[in-house]
Amino acid sequence: MLEIQFHLTDNDYITFNEYHMQHSSSYKKVLLFNKFFGSVVCLVLIVLFFIFSDDLLIIITEAIVLGALSIIMIMRAKNRMRRNIEKQIKAVKKDGRLPYEPDGKLVFTDEEIIEITSDYESRTNYSLIEKICITDEAVYIYTSSVQACIIPNTSFQDEAEKEQFLTFLRTKFPELFIN
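Notes on the structure in this doc start here. The structure presented is a predicted model; accordingly, all values stated were derived computationally and were not measured.

Points about the packing of aromatic side chains
Working step 1: All chains considered together, the criterion is met by nine aromatic pairs.
Working step 2: Taken together, a centroid distance of 5.0 Å and an interplanar angle of 85° make the contact between Tyr 126 and Phe 173 edge-to-face. Pair noted here: Tyr 126 is in the loop between β4 (121-125) and β5 (131-134) and Phe 173 is in the loop between α5 (159-172) and β8 (177-178), with a separation of 47 residues, a long-range link. With respect to class, Tyr 126 is no different from Phe 173; both count as buried.
Working step 3: Its guanidinium or amino end placed over the ring of Tyr 142, Lys 131 lies 4.6 Å from that ring's centre, counting from NZ or CZ.

As for helix α3 (residues 56-75)
Working step 1: Its 20 residues place the ends of α3 29 Å apart at the C-alpha level, agreeing with the 28 Å of an ideal helix rising 1.5 Å per residue.
Working step 2: Structurally, α3 contributes buried residues whose contacts are with α2 (25-52).
Working step 3: The N-cap of α3, judged by a side-chain oxygen 3.2 Å from the amide nitrogen of Leu 57 a few residues on, is Asp 55.

Concerning the pattern of salt bridges
In a structure, side chains of opposite charge can pair up when their charged atoms sit close to one another.
Working step 1: Going through the model one piece at a time under the given rule, you end up with nine salt bridges.
Working step 2: Its salt-bridge partner being Glu 101, residue Arg 97 comes within 3.4 Å of it at the nearest N-O pair.
Working step 3: Of the residues examined, Glu 101 reaches a relative accessible area of 11% and is grouped as buried.
Working step 4: Shared partners join several salt bridges into a network, and the residues in it are Glu 18, Arg 82 and Glu 86.

A closer look at the packing of helix α1 (residues 10-23) against helix α4 (residues 77-94)
Geometrically, a packed helix pair is captured by the angle between its two axes and the distance between the axes.
Working step 1: Look at α1 against α4: their axes get within 10 Å of each other, and the N-to-C directions meet at 135°. In terms of orientation, α1 and α4 fall into the oblique class. The chirality of how α1 crosses α4 is right-handed. For the pair α1 and α4, contact is made by Asp 10, Asn 11, Tyr 13, Ile 14, Thr 15, Asn 17, Glu 18, Met 21 and Gln 22 and by Lys 78, Met 81, Arg 82, Ile 85, Glu 86, Ile 89 and Lys 93, respectively.

The rules behind these values
- Residues numbered from 1 in each chain as written.
- Predicted model: local features only at pLDDT ≥ 70, side-chain atom pairs only at ≥ 80, totals over all residues.
- Heavy atoms only, no water.
- Phe/Tyr/Trp six-rings, centres within 6.5 Å; stacked < 30°, edge-to-face > 60°.
- Helix = DSSP H or I, 4+ residues; strand = E, 2+ residues; numbered from the N terminus.
- Buried < 20%, exposed > 50% of the residue type's maximum accessible area, 1.4 Å probe, protein only.
- Lys NZ or Arg CZ within 6 Å of the ring centre and 35° of its normal.
- Expected span 1.5 Å × (residues − 1).
- Contact = heavy atoms within 4.5 Å.
- Polar contact = N/O pair within 3.5 Å; in protein donor to acceptor, adjacent residues only side chain to side chain.
- Salt bridge = Lys/Arg side-chain N within 4 Å of Asp/Glu carboxyl O.
- Axes fitted to C-alpha atoms, helices over the stretch in contact; angles between N-to-C directions.
- Parallel < 35°, antiparallel > 145°, perpendicular 65-115°, else oblique.
- Left-handed = near helix turned anticlockwise from the far one by under 90°.

Below, the structure written as structure tokens:
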């Protein structure tokens, strides 16, 4: 049996959601659409200006401005995604409830993970674990396609303790690791 105490912050939760969105095929499609929708609108505007304007200087100026705007929109897409997650968390906090439990304990038994917080106790059989992702900030143990146990690096006293935990996970779930 292995126990891990955790403390999640808003940043830990935001980082998880950002990681999930960057690695989920459905969210990748949304991000790609968001990146290029603005570019397509700018291109259509350039074509319209070309059709309805006589002055070549105005057309070139508008093309440069809209092209630059398009590039900026593509480069800022990930930042917009993070800001949207932050806004959602703030909105939920205003209602009085966090979308995650800030403090708790994960207990790894021979057959299941038990998540214990001040409000609930949840048991997840090992057979339900879909994947395990290791990032520079945390370890994510996905229990469904959109939900995971978030174990931030701050949960470990040192790198040796984290490595011991990862060794435990690798022996239990060698085929589920994604880096």
